[in-house]
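Examination of the molecular architecture
These are the residues of each chain, in order.
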Amino acid sequence: MDGQPAKTPRGRLTRDAIVDAAAELMYVNGVAGTSVDKVLAASGAGKSQMYHYFKNKDQLVEAVIARFLENILGNQPTIFELRDWADFDQWAQEILAIQTTPKGPIACPLGNLAGELGDDPKIAPLLDNAYREWESHLERGLKSLRDQGKLAEDADPARLAQAAMACVQGGLLMAHLRHDLTPIADALKIALGHLKSHARP
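Residues numbered from 1 in each chain as written. Predicted model: local features only at pLDDT ≥ 70, side-chain atom pairs only at ≥ 80, totals over all residues. Heavy atoms only, no water.

**Structural notes on the state of the cysteines**
- All chains considered together, the criterion is met by zero disulfides.
- In this model cysteine 108 remains outside any disulfide bridge; the closest cysteine sulfur is found in cysteine 167, 14 Å from its own.
- Judged by its relative accessible area of 8%, cysteine 108 is buried.
- Judged by its relative accessible area of 22%, cysteine 167 falls in the partly exposed class. (Disulfide = S-S within 2.5 Å. Buried < 20%, exposed > 50% of the residue type's maximum accessible area, 1.4 Å probe, protein only.)

**Focus: the packing of aromatic side chains**
- Using the criterion set out here, one finds two aromatic pairs in the structure.
- Ring plane angle 45° and centroid distance 5.6 Å describe the contact between tryptophan 85 and phenylalanine 88, whose orientation is recorded as tilted. One end of the pair is tryptophan 85 and the other is phenylalanine 88, both in helix H5 (residues 85-99) and three residues apart, which spans about a single turn.
- Among the residues examined, tryptophan 85 registers a relative accessible area of 13% and is labelled buried.
- Take phenylalanine 88: its relative accessible area is 0%, and that puts it in the buried class.
- Each ring, one from tyrosine 131 and one from tryptophan 134, has its centre 6.3 Å from the other, and the planes form 10°; the classification is stacked. Of the two residues, tyrosine 131 and tryptophan 134 both sit in helix H7 (residues 124-147), three residues apart, roughly one turn of that helix.
- Residue tyrosine 131 is classed as buried on the basis of its relative accessible area, which comes to 14%. (Phe/Tyr/Trp six-rings, centres within 6.5 Å; stacked < 30°, edge-to-face > 60°. Helix = DSSP H or I, 4+ residues; strand = E, 2+ residues; numbered from the N terminus.)

**Considerations on the UniProt feature "domain: HTH tetR-type" (unreviewed entry) in the protein**
- On the UniProt side, "domain: HTH tetR-type" (unreviewed entry) is annotated at positions that read residues 12-72 here.
- Taken as a whole, residues 12-72 contains 80% helix and 0% strand, while its terminal C-alpha atoms sit 21 Å from one another. (UniProt positions renumbered as here; feature names shortened; annotations may be inferred.)

**A word on the UniProt feature "DNA-binding region" (unreviewed entry) in the protein**
- Following the UniProt record, the feature "DNA-binding region" (unreviewed entry) maps to residues 35-54 here.
- Taken as a whole, residues 35-54 contains 75% helix and 0% strand, while its terminal C-alpha atoms sit 14 Å from one another.

**As for helix H4 (residues 57-74)**
- For H4, spanning 18 residues, the distance from its first C-alpha to its last is 25 Å, which sits close to the expected 26 Å at 1.5 Å a residue.
- Of all the residues in H4, the buried ones are Gln59, Leu60, Val61, Ala63, Val64, Ile65, Arg67, Phe68, Leu69, Ile72 and Leu73.
- Looking at the packing, one finds that the buried side of H4 touches helix H1 (9-29), helix H2 (36-43), helix H3 (47-53), helix H6 (109-117) and H7.
- The N-capping residue of H4, defined by a side-chain oxygen 3.2 Å from the backbone nitrogen of aspartate 58, is asparagine 56. (Expected span 1.5 Å × (residues − 1). Contact = heavy atoms within 4.5 Å. Polar contact = N/O pair within 3.5 Å; in protein donor to acceptor, adjacent residues only side chain to side chain.)

**Brief notes about the domain arrangement of the protein**
- Taken as a whole, the protein is organised into domain 1 (9-55) and domain 2 (67-198).
- For domain 1 and domain 2, the distance between their C-alpha centroids amounts to 28 Å.
- Taken together, the contact between domain 1 and domain 2 spans eight residues of the former and ten residues of the latter.
- A buried area of about 700 Å², summed over both sides, lies between domain 1 and domain 2, and 55% of it is on carbon and sulfur atoms.
- It is Ala23, Tyr27 and Val31 that lose the most area in domain 1 upon contact with domain 2, and together they represent 63% of the buried surface on that side.
- Taken together, the links from domain 1 to domain 2 amount to two salt bridges.
- Taking the shortest distance from any N to any O, the salt bridge between arginine 67 and aspartate 20 comes out at 2.2 Å.
- For the interface between domain 1 and domain 2, the tally reads five residue pairs in polar contact (both at pLDDT 80 or more).
- When grouped by side-chain class, the residues that make up the side of domain 1 that touches domain 2 number five nonpolar, one polar and two charged. (Domains from an automatic or database assignment. Buried area = accessible area lost by both parts, 1.4 Å probe. Salt bridge = Lys/Arg side-chain N within 4 Å of Asp/Glu carboxyl O. Nonpolar A, V, L, I, M, F, W, Y, C, P; charged D, E, K, R; others polar.)

Spelled out as structure tokens, the structure:
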């Protein structure tokens, strides 16, 4: 569990402020570079409030992972409505659109944490679960296509979704590192091409 839930509107605001501040700091400075005191200063919350909702920093990191995933999926709304191949094209365009903002190309926040904490036995499974949830929406869309006869019957939606995610993550990493949209644009083309290679005519 990512800490205690807030039971009142005021409590939810306080808890959200703590998580949002921690998410912003951890995105920029990493988990190791983000102290509880820095989170409290940025959120305006008190230490007693912090420890009311989160017993320790690991619980706060768990909440941050959930917030990162929420924001990521919120920026690609078509992922919830994948019913045709055109929807997959739209999903890819939504990912690319985020990277073309003035701050882009931006690193994937889950990817940042995976690079820092991918070997942490407590945090790595939480990150994997977040990626699996992200993938699950692609998998569900591919299953829908298969049910409609638009995807080959012997295609494996889970493996295809995983491959698409691997393309996206690699593309995001290289685009951010090189300050160049080309890697993510090409990665999305490769992902879509691989998915569509299993389409039924």
